[in-house]
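Here's the letter readout for the chains.
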Amino acid sequence: MKNTIAIVGRPNVGKSTLFNRLVGQRKAIMDDESGVTRDRHYGYGDWVGKYYTVIDTGGYVHNSDDIFEGEINKQVKLAIDEADVVLFMVDAMAGVHSLDEEFANVLRRYQGKKPIYVVANKADTNSRIHSAGEFYALGVGDGEIFAVSSASGSGTGDLLDAVVSHFEEEGVEEPDAGIPKIAVVGRPNVGKSSFVNLLLGTERSIVTDVAGTTRDSIQARYNAFGKEFILVDTAGLRRKTKVHEDVEFYSVLRSIRALEESDICIVMLDATRGIEAQDLNIIGLADKNRKGIVILVNKWDLIENKETNTAKEFEDKIREKIAPISYPPIIFISVLNKQRVHKAIEMAIEVYDNKRRKIPTSELNEVMLKEIEKYPPPIQKGKLVRIKYATQLPTHNPVFAFFCNLPQYVKESYSRYLENRLREHFDFTGVPIGIVFRKK
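Residues numbered from 1 in each chain as written. Predicted model: local features only at pLDDT ≥ 70, side-chain atom pairs only at ≥ 80, totals over all residues. Heavy atoms only, no water.

Within an unreviewed UniProt entry, the label attached to the chain reads GTPase Der, and the organism entered is Hymenobacter sediminicola. UniProt, in its Subunit (unreviewed entry) section for the chain, records the words "Associates with the 50S ribosomal subunit." The annotation that UniProt attaches to the chain under Sequence similarities (unreviewed entry) is "Belongs to the TRAFAC class TrmE-Era-EngA-EngB-Septin-like GTPase superfamily. EngA (Der) GTPase family." (UniProt positions renumbered as here; feature names shortened; annotations may be inferred.)

Student: So what about the overall build of the chain? Which residues, and what values?
Tutor: Regarding its fold elements, the chain presents 12 helices and 15 strands. Per-residue burial for the chain yields a buried fraction of 54% across its 440 residues. Accessible surface for the chain amounts to roughly 20300 Å². Of this, 47% is attributable to carbon and sulfur atoms. (Helix = DSSP H or I, 4+ residues; strand = E, 2+ residues; numbered from the N terminus. Buried < 20%, exposed > 50% of the residue type's maximum accessible area, 1.4 Å probe, protein only. Areas by Shrake-Rupley, 256 points an atom, 1.4 Å probe, with all protein chains shown as cover.)

Student: Give me the lowdown on the environment of F426, citing residues and values where you can.
Tutor: By the element assignment, F426 lies in the loop between α12 (412–425) and β15 (434–439). Exposure remark for F426: the relative accessible area of 7% places this residue in the buried category. Sequence separation between F426 and I359 is 67 residues, and the spatial gap between their C-alpha atoms is 8.3 Å. Contacts of F426, omitting those with residues within four sequence positions, involve I359, E363, L364 and V367. (Contact = heavy atoms within 4.5 Å.)

Student: Account for helix α9 (residues 310–322), naming residues and giving values.
Tutor: Owing to its 3.6 residues per turn, the α-helix aligns residues three or four sequence positions apart on the same side. Compared with an ideal rise of 1.5 Å per residue, which puts 13 residues at 18 Å, α9 spans 19 Å between its outermost C-alpha atoms and is within 8% of the ideal. Within α9 the residues assigned to the buried category are T310, F314, I318 and I322. Seen along its axis, α9 keeps its buried residues to an arc of 95 degrees; they face one direction. Close packing links the buried residues of α9 with β10 (264–270), α8 (277–288), β11 (292–298) and β12 (330–332). (Expected span 1.5 Å × (residues − 1). Arc of directions from axis to C-beta.)

Student: Please set out the confidence of the model for the chain residue by residue, giving values where relevant.
Tutor: When pLDDT drops low, the exact placement of atoms in the prediction is not to be read closely. Per-residue confidence for the chain averages 79 on the pLDDT scale, and 78% of its residues sit at or above 70. Here residues 26–39 scores under 50 on pLDDT; set against residues more than four positions off or in separate chains, the count is 66 contacts. Taken together, the stretch residues 236–252 has pLDDT below 50 and engages in 37 contacts with residues farther than four places along the chain or on a different chain. (pLDDT = per-residue confidence, 0-100.)

Student: Any details on the nonpolar core? Residues and values, ideally.
Tutor: In a soluble, globular protein the nonpolar side chains are often hidden away together inside. Counting residues in each nonpolar core, the largest one holds 26 residues, and the members touching the most others are I182, F195, I266, M268, V294, L296 and I333. At the level of elements, β7 (181–186), α6 (192–200), β9 (227–233), β10, β11 and α10 (341–355) are the ones that each hand at least two residues to this core. When residues in this core are grouped by element, the largest group, 8 residues, is from α10. If sequence neighbours within four positions are ignored, I266 has contacts with I182, A183, V184, V185, F195, V294, L296, I345 and A348. Counting 25 residues, the second largest nonpolar core, distinct from the first, contains V185, C265, I282 and I293. (Core = buried A, V, L, I, M, F, W, Y, C linked by side-chain atoms within 4.5 Å.)

Student: Please give an account of the packing of helix α11 (residues 361–374) against α12 that cites residues and values.
Tutor: In the contact formed by α11 and α12, the axes pass within 11 Å of each other and the chain directions differ by 135 degrees. Judged on the interaxial angle alone, α12 and α11 are oblique. Note that α11 runs across α12; the crossing there is right-handed. In this structure, α11 contributes L364, V367, M368, E371 and I372 to the contact, and α12 contributes Y414, Y417, L418, R421, L422, E424 and H425. Classifying every residue of the contact of α11 with α12 gives 8 nonpolar, 1 polar and 3 charged. (Axes fitted to C-alpha atoms, helices over the stretch in contact; angles between N-to-C directions. Parallel < 35°, antiparallel > 145°, perpendicular 65-115°, else oblique. Left-handed = near helix turned anticlockwise from the far one by under 90°. Nonpolar A, V, L, I, M, F, W, Y, C, P; charged D, E, K, R; others polar.)

Student: Summarise the packing of α6 against α10; cite the residues concerned and give the values.
Tutor: Packing of α6 against α10 leaves a shortest axis separation of 11 Å and a crossing angle of 90 degrees. In terms of axis orientation, α6 runs roughly perpendicular to α10. Contact residues: α6 offers F195, L198 and L199, while α10 offers V341, H342, A344 and I345. When the residues that make up the contact of α6 with α10 are grouped by side-chain class, the tally is 6 nonpolar, 1 polar and no charged.

Student: For the pairing of strand β13 (residues 387–392), give the residues involved together with the corresponding values.
Tutor: Here β13 pairs with strand β14 (residues 399–404) via 5 bridges, running antiparallel. Each bridged residue has a counterpart across the sheet, and for A390 the counterpart in β14 is F402. In sequence, β13 turns back onto β14 through a hairpin of 6 residues. (Pairing = 2+ DSSP bridges.)

Student: Any chance you could break down the sheet that holds β13 for me, citing the residues and the numbers?
Tutor: Strand order in the open sheet made by the 3 strands is β13-β14-β15, with mixed pairing throughout. Because the sheet does not close on itself, it has two edges, and the strands there are β13 and β15. Neighbour-to-neighbour, the strand axes of this sheet turn through a mean angle of 25 degrees, independent of strand direction. Most of the contacts of α11 go to β13, to which it runs at about 140 degrees, and overall it touches β13 and β14. In the packing of α12 onto the sheet, the strands contacted are β13, β14 and β15, and the crossing angle to β15 comes to about 120 degrees.

As structure tokens, then:
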């Protein structure tokens, strides 16, 4: 990515607040708790006609035993490698901290290779602006210390002027516009991040076996089978009664928003736990939002004593529980053993193509009028319903309008009959179909 800015520094100096200021919306989760941002988080913004990508990172902690902090440090180094300009954030209110000094040691390796600016945040008063000069002692950065207040925006204009001076090209306004989005959703700890990381071949999301590691929704570009996609790794969706911390509450909201903004939802289940109430809620939510759905049963390698019919029986149980939602394909995978992982993404691409499928009106009528003739709508209250013709409406999802003399007398059961015949003749695997009856 061109024109990339990485915001780095120790925990709790206000990196996510500056990130939100630079991208112009509340994308990163902010909280007073240390280490809220755990993964690299991307957003887009523009300044004086130049577009840029911003990477928000977790707080760097040197030589920590904490499993997350070790992983965060790895993410921070990946972000610095990826960036064109690095913003090293410090806290003007707290002054120079020992962790700032340790971070400065890390950044010195990059000095001269890419621009580094020291940004003294929380400089809300004149005295704090003047005392920001103490950060020169860190011996890192290109020139002046930028005293800013991310919360109010004070000083961020001068900072951006300096940053964009390094960008020769104008960049792209919204690099992801028009590219299909696949959201990977599911309960916590079913293997979503491991699945995304395996596909990307890079540790984009932090993976540990502690539930709730991914707090923000993480997006990444992915190329497969001749198509470009955006993969969205989401925080695990859990029941509201299980959501205790504020941060986790916002994580769940982010996951729901990621699901709503996606084209396809890959819903991951844990084979060792089967399909649970929360899985049904997620599938129901995806269906309600008219998303394409692929169900992946992960950790299939952990099911012992498998027989010929084990997968079929497991699939039957899932289908029984998700009824009347019948259209999602179900694939059994093992991320750990890399089994059928690419089959899963191939199916997601197929579902996306199905979602955009347009059936010519002549072909639709040739097929469906024969089916209607075989089994016409049942007579209701002595009224005979005659369906004259059908057409596909110009909508984002497949919606078919059937024109008839008495649309109000067509029952739900007949709609299901027509949907089943459409699915039989045309491939709409993984996609919800809408059927409407109109007066003719």
